[in-house]
Amino acid sequence: MTKRALISVSDKNGILEFAKELVALGYEVLSTGGTKSLLQQNNVPVTAVDEVTNFPEILDGRVKTLNPMIHGGLLGKFDKPSHVAQMNEHGIRPIEIVCVNLYPFVETISKPDVSWDDAIENIDIGGPTMLRSAAKNHDYVTVIVDANDYSAVLEELKADGKTTLATRRRLAAKVFRHTAAYDSYISNHLSNAIGEEFPENMTLTYELKQTLRYGENPHQKAAFYAKRLGSDFSIAYATQLHGKELSYNNIQDANAALQIVKEFEMPAAVAVKHMNPCGVGTGETIEEAFNKAYEADSTSIFGGIIALNKEVDKATAEKLSGIFLEIIIAPSFTSEALEILTQKKNIRLLTIDFTQEKQDQFNVVAVEGGLLVQEPDRFGFKDATIQVVTDREPTEEEWEALKLGWAVVKHVKSNAIIVTDKQMTLGVGAGQMNRVGAAKIAFEQAGEKAQGAALASDAFFPMGDTVEAAAKAGIKAIIQPGGSIKDQESIDAANKYGIAMVFTGVRHFKH
């Protein structure tokens, strides 16, 4: 009896050649809708599914393959006597190959003005049902959902007249990954559309962007997955212009640098090491901004990642090229800048579209056995309810320094203390077990530059000791959330030393 292949695809890439090869191998091809028309137009023999089911397509094509004549042929065990008998009784013939891909739901919901009805109409029902049926019965049925698998299947059919069980299992596993991802896009889109923030089940889907040489350390395997409908303004969607492939740690650090530089509209440069900023600078030009970032910590920037929020010009490139850097991220590079920087063989140059406003709705962090999900911390200075709690108010220059410090401190591992002037970070104290320890690190790095500078703290002072240390370092203005039962102790200390202190009412913990 002639073997059968059922083909119904929305992605027509390579399908004509595949179908022709199957026909040449003696297969009868069954098909529906647009795929059937394409095959007919190209003189590929094809049998309409409704000829097999003896039932027409109905409900605007919503029902066409949902029929025992199809699913019996997909789910029957070809060597089980009871199955064979029932199939013969009802005139059901086996279907040995299924080649199906699904309605373009993701492409549909990617449109900015997609309607609820349009999204619903692009939810495929028959396709996933056929795929799941064939994949479940992979002992007998070869199921293909990816055009990249056409050639491997044909090679085996030509060589042995059938595919191997190992191939069928591999393809079946791919099908279930595919349908699971498809369903997750549907559930997430509908949940978001009705405002369901934290549903009882959360299924996240990411697509492999690249396998990595190793993870944080050489003995750890790793890969980089991108969220297909994720933020365009992200490392996952960056374009690499030059340099060797990114490593696990490169990606982590690059993401940290990008998140910080997003805080600024004026020209800004951010240098990152181990996911913490070692220098942040602003200026009238991107060259000036980079100069400030470099000056902030000319030692730690070595081997670091630089993110800039304006085009890299020749003058800036010349300075960047004089330092050993792992990655430079920018909206663009002039041709002169590229000519200079591409002379460095290993440096990675990445561009990202800074005009994109789309950002991920949630941050997801893996812990053993689960996930933590939260909104990103987008709270900025303009969102704060600013309260000057000391006798002295900040000067205009101090206000600018406080704003800079508050923009940066939320991106520094807690406990975090930042010392700044109005254009650059002067000292960064990150990830310490107590706040005074973080402050001491920041003051030591700032040195004499702390005289007259501002301090930003990611959380309140539990006592007045941090203010005492700040006064000794020469700090003249402090911004912090407030909210401690000992706030007055810190306020009194600030007044004692003539320090202006501002409360924001919101903390910026980053673990």
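On a predicted model such as this, the values are computed, not experimentally measured, just so you know.

About the criteria used
Residues numbered from 1 in each chain as written. Predicted model: local features only at pLDDT ≥ 70, side-chain atom pairs only at ≥ 80, totals over all residues. Heavy atoms only, no water. 1 Å grid on protein atoms, 1.4 Å probe; cavity = no way out; pocket = protein on both sides within 12 Å on 5 of 7 lines; lining within 4 Å. Points joined across faces, edges and corners; volume = space filled by probe spheres on them. Helix = DSSP H or I, 4+ residues; strand = E, 2+ residues; numbered from the N terminus. Nonpolar A, V, L, I, M, F, W, Y, C, P; charged D, E, K, R; others polar. Pairing = 2+ DSSP bridges. Axes fitted to C-alpha atoms, helices over the stretch in contact; angles between N-to-C directions. Core = buried A, V, L, I, M, F, W, Y, C linked by side-chain atoms within 4.5 Å. Buried < 20%, exposed > 50% of the residue type's maximum accessible area, 1.4 Å probe, protein only. Contact = heavy atoms within 4.5 Å. Salt bridge = Lys/Arg side-chain N within 4 Å of Asp/Glu carboxyl O.

Engineer: What should I look at first to understand the layout of surface pockets in this one?
Structural biologist: Any space left empty among the atoms is revealed by the rolling of a water-sized probe across them. Roughly 810 Å³ of internal volume is contained in the second largest pocket. In terms of lining, the second largest pocket is formed by 26 residues, of which the most central are H178, A181, Y185, E207 and R228. Sorting elements by how many residues they give to the lining of the second largest pocket places helix 10 (residues 165-193) first, with seven residues. Within the lining of the second largest pocket, the residues separate by chemical class into 14 nonpolar, five polar and seven charged.

Engineer: Would you mind going over the sheet that holds strand 8 (residues 239-242) with me for this structure?
Structural biologist: Hydrogen bonds along the backbone pair up the strands of a sheet, which may run parallel or antiparallel. Here six strands make up an open sheet; going across it, the order is 8-13-12-11-9-10 and the pairing mixed. Only two strands of the sheet have a single neighbouring strand rather than two, namely strand 8 and strand 10 (276-282). In this sheet, adjacent strand axes meet at a mean angle of 20 degrees when their direction is disregarded. Sheet topology note: the strand 8/strand 13 (residues 348-351) ladder contains three bridges and is antiparallel.

Engineer: Explain the nonpolar core here, please?
Structural biologist: Across soluble globular proteins, nonpolar side chains show a tendency to be buried alongside one another. Grouped together as the largest cluster of nonpolar side chains are 45 residues, with contacts concentrated most on F264, I329 and I352. For this core, the secondary structure elements donating two or more residues are strand 7 (222-226), helix 11 (248-261), strand 9 (268-273), strand 11 (304-308), strand 12 (325-330), helix 15 (396-409), strand 19 (454-457) and strand 20 (477-480). The residues contacting I352, other than those within four sequence positions of it, are D232, F233, S234, I235, A238, L258, I329, A330 and P331. The next biggest cluster of nonpolar side chains, apart from the first, holds 31 residues, and it includes L30, I123, L131 and V143.

Engineer: I keep staring at the pattern of salt bridges and nothing clicks. Help me out?
Structural biologist: When the charged atoms of two side chains with opposite charge come close together, those side chains can pair. Tallying each qualifying case throughout the model produces 17 salt bridges. Between R93 and E28 there is a salt bridge, with its nearest N and O atoms 3.5 Å apart. With a gap of 65 residues between them, R93 in the loop between helix 5 (81-89) and strand 4 (97-100) and E28 in strand 2 (residues 28-31) connect regions that are remote in the sequence. Classification of R93 as partly exposed rests on a relative accessible area of 23%. The salt bridge partner of K449 is E295, with a shortest N-O separation of 3.4 Å. Here K449 is found in the loop between helix 16 (435-446) and strand 19, whereas its partner E295 is found in helix 12 (residues 286-296), with 154 residues between them in sequence.

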